[in-house]
Amino acid sequence: MRRRAADYRRPVRRRFSCWIWALLGLFCIAGFVLLVVQHNHHHEDRVEQPTLEISARDVQVRHERLNFTKEISSVTSYARQLAEQMTLAKAYVIIAKEHNNLHLAWELSSKIRKCQFLLSKAAMTEEPIALNEAEPIIKGMSSLIYKAQDAHYDIATTIMTMKSHIQALEERANAATVQSTFFGQLAAEALPKNLHCVTLKLMADWIKETPLQELADDNKNSPRLVDNNLYHFCIFSDNLLAISVVINSTVSNADHPKQLVFHIVTNGVNYGAMQAWFLSNDFKGSTVEVQNVEHLTWLNASYSPVVKQLAEEDSRAYYFKGSGDINIEPKFRNPKYISLLNHLRFYIPEIYPQLEKVVFLDDDVVVQKDLTTLFSLDLHGNANGAVETCLEAFHRYYKYLNFSNSIISSKIDPQACGWAFGMNIFDLVAWRKANVTGRYHYWQEQNADKTLWKLGTLPPGLLAFYGLTEPLDRRWHVLGLGYDLNIDNRLIESAAVVHFNGNLKPWLKFGIGRYRPLWERYVNQTHSYLQDCVII
């Protein structure tokens, strides 16, 4: 085999080797570049991932600490430590002032303000208090507290001082509560000036318009007023608008409103206004009679012990001048208790001697169903049909009456179920037979010294009708709309009558807004007098 000459072989071998080395060099450079890029990218991934995790944890922690109440109650939080130091510092401020150490009191007050600022900031920003923020305040406060302790403000002194201040605060709180109740009672008793406005306008009409007075005289002899085939309702009040709502709501929900007769008794001040209003307004063909209580001349002190008691100077002074007994609730000093209108419910058979059945309605009720079916209920010989209220334990007889007195305990069961005035069906035939009014007089005479029961008409009513009351279905009469904010809507909707008993009457500005529409829908807001006086 022939071989090529050496000078031809060497150059070829050199050229091939140079290309190889060039390619290898390029590959090395490219690999190095790729390695560097990959390394950097991997490093960035490792750096960014923890950042995202930390950020997520921050969001979670922040979300968990939104509740500042939990934060301040945590034993490991700076917020709680600051709050506890601040409470102790406030006690030392009081003690320092009492010992005339005003400089220490000023220093403590300054630290307390810083604590309050930091706690307020934490609550607003929804962020926990950091160590660098809390540490200087905690150290400074600790130093001042130690300084206070070193000034012989020891724990015993602190406890005694705090006890005295707590007692003073309790007395102030009790006084404020009594005052608030008293003012609330005054507001509830007062008639809003816009209602006075309507009354004055109507009184002017009554005085000027003689035909109204003649019509009133003619209506006194209407045979409908004594017709027992009709449905009779009685209301005793001096609140014109309230009575108007009661009547309007009753006729609006009656199947046959023309068969309804309403008997109103009011006082002499409002008699003319009442006559003018009910004579000039139509209530779907129903009949409305208005009487003046001052014309019931037979109801005098010689006949009624309650009239005699109400006329006594001691009774009037008790209501109008107050009493030193702070244990008596302000509501029991309500002047309505010395109003004869409030006691007329016990004289219905005498006021309407020819009637056999009547439904009694308070002026703070709203009727939502037809009430004529009440007249067909079987009362089983009882004089009073009423809704019982003993579903709650405090509405039994022993809560209303003084059973330590043998006159009560020997005749009455303390566990007997109480019932409500405000919507009652009275069988006047059974009433007269049982002489309920006489029983009422007996108990009023026994309570001349006011030791048998608290004030009001319900306790003597419970006694007078004891054993003579027929319980009605609860849906006939739902109470509490004048004080209870949480009555079930289903119960209200099913009720035939809702009762705004309590201080929060619907015609007052501070009445419960949730229930006001039930009453307002029966106010004739298109009447010019109501618009002029801006009733609602």
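These remarks concern the structure in this document. (Residues numbered from 1 in each chain as written. Predicted model: local features only at pLDDT ≥ 70, side-chain atom pairs only at ≥ 80, totals over all residues. Heavy atoms only, no water.)

### As for helix 7 (residues 193-208)
For helix 7, with 16 residues, the first-to-last C-alpha span of 23 Å sits near the 22 Å given by 1.5 Å per residue. For helix 7, every residue scored as buried is listed here: Asn 194, Leu 195, Val 198, Thr 199, Leu 202, Asp 205 and Trp 206. Angular distribution of buried residues about the axis of helix 7 spans 145 degrees; they occupy a single face of the element. Exposed side of helix 7, more than 90 degrees from the buried face: Lys 193, Leu 200, Ile 207 and Lys 208 are the residues found there. For helix 7, the elements touching its buried residues are helix 8 (210-219), helix 9 (240-252), helix 10 (268-280) and helix 20 (528-533). (Helix = DSSP H or I, 4+ residues; strand = E, 2+ residues; numbered from the N terminus. Expected span 1.5 Å × (residues − 1). Buried < 20%, exposed > 50% of the residue type's maximum accessible area, 1.4 Å probe, protein only. Arc of directions from axis to C-beta. Contact = heavy atoms within 4.5 Å.)

### What about the side chain of Asp 364?
As for its placement among the helices and strands, Asp 364 is situated in the loop between strand 4 (357-361) and strand 5 (365-367). At a separation of 2.8 Å, a polar atom in the side chain of Asp 364 contacts the side chain of His 499. Residues within four places of Asp 364 in sequence aside, it is in contact with Val 498, His 499, Phe 500, Asn 501, Lys 505 and Trp 507. (Polar contact = N/O pair within 3.5 Å; in protein donor to acceptor, adjacent residues only side chain to side chain.)

### As for the packing of aromatic side chains
According to the stated counting rule, one finds 22 aromatic pairs in the structure shown. Ring geometry for Phe 233 against Phe 375: centres 5.8 Å apart, planes inclined by 80 degrees, an arrangement best described as edge-to-face. Note that Phe 233 is positioned in strand 1 (residues 231-236) and Phe 375 in the loop between strand 5 and strand 6 (384-387), a separation of 142 residues in sequence. For the pair formed by Phe 233 and Phe 375, the shared burial category is buried. Summarising the aromatic geometry, the rings of Tyr 347 and Tyr 440 are spaced 6.0 Å apart at their centres and angled 85 degrees between planes, so their arrangement reads as edge-to-face. A residue pair is termed long-range when its members are at least 10 positions apart, and Tyr 347 in the loop between helix 12 (313-320) and helix 13 (348-351) and Tyr 440 in helix 16 (residues 436-446) qualify at 93 residues. Take Tyr 440: its relative accessible area is 0%, and that puts it in the buried class. Put simply, the rings of Phe 236, Trp 298, Tyr 303, Phe 346, Tyr 347, Phe 360, Trp 419, Phe 421, Phe 426, Trp 431, Tyr 440 and Phe 465 pair up and form one aromatic cluster. Cation over ring: Arg 345 sits above Phe 421, and NZ or CZ is 4.8 Å from the ring centre. (Phe/Tyr/Trp six-rings, centres within 6.5 Å; stacked < 30°, edge-to-face > 60°. Lys NZ or Arg CZ within 6 Å of the ring centre and 35° of its normal.)

### A closer look at the packing of helix 3 (residues 78-98) against helix 5 (residues 131-150)
At a minimum axis distance of 10 Å, the contact between helix 3 and helix 5 shows a crossing angle of 30 degrees. Relative to helix 5, helix 3 is oriented roughly parallel. Between helix 3 and helix 5 lies a crossing whose hand is left-handed. Seen from helix 3, the contacting residues are Tyr 78, Gln 81, Leu 82, Gln 85, Leu 88, Ala 89 and Tyr 92; seen from helix 5, they are Leu 131, Ala 134, Ile 137, Ile 138, Met 141, Ser 142, Ile 145, Ala 148 and Gln 149. Residue composition of the contact of helix 3 with helix 5, grouped by class: 12 nonpolar, 4 polar and no charged. (Axes fitted to C-alpha atoms, helices over the stretch in contact; angles between N-to-C directions. Parallel < 35°, antiparallel > 145°, perpendicular 65-115°, else oblique. Left-handed = near helix turned anticlockwise from the far one by under 90°. Nonpolar A, V, L, I, M, F, W, Y, C, P; charged D, E, K, R; others polar.)

### Some points on the pairing of strand 6
Across the two faces of strand 6 the burial is the same, with Asn 384 and Ala 386 and Gly 385 and Val 387 all buried. Bridge count between strand 6 and strand 7 (residues 423-427): 2 bridges; the pairing is antiparallel. Following the sheet pairing, Asn 384 is matched in strand 7 by Phe 426. (Pairing = 2+ DSSP bridges.)

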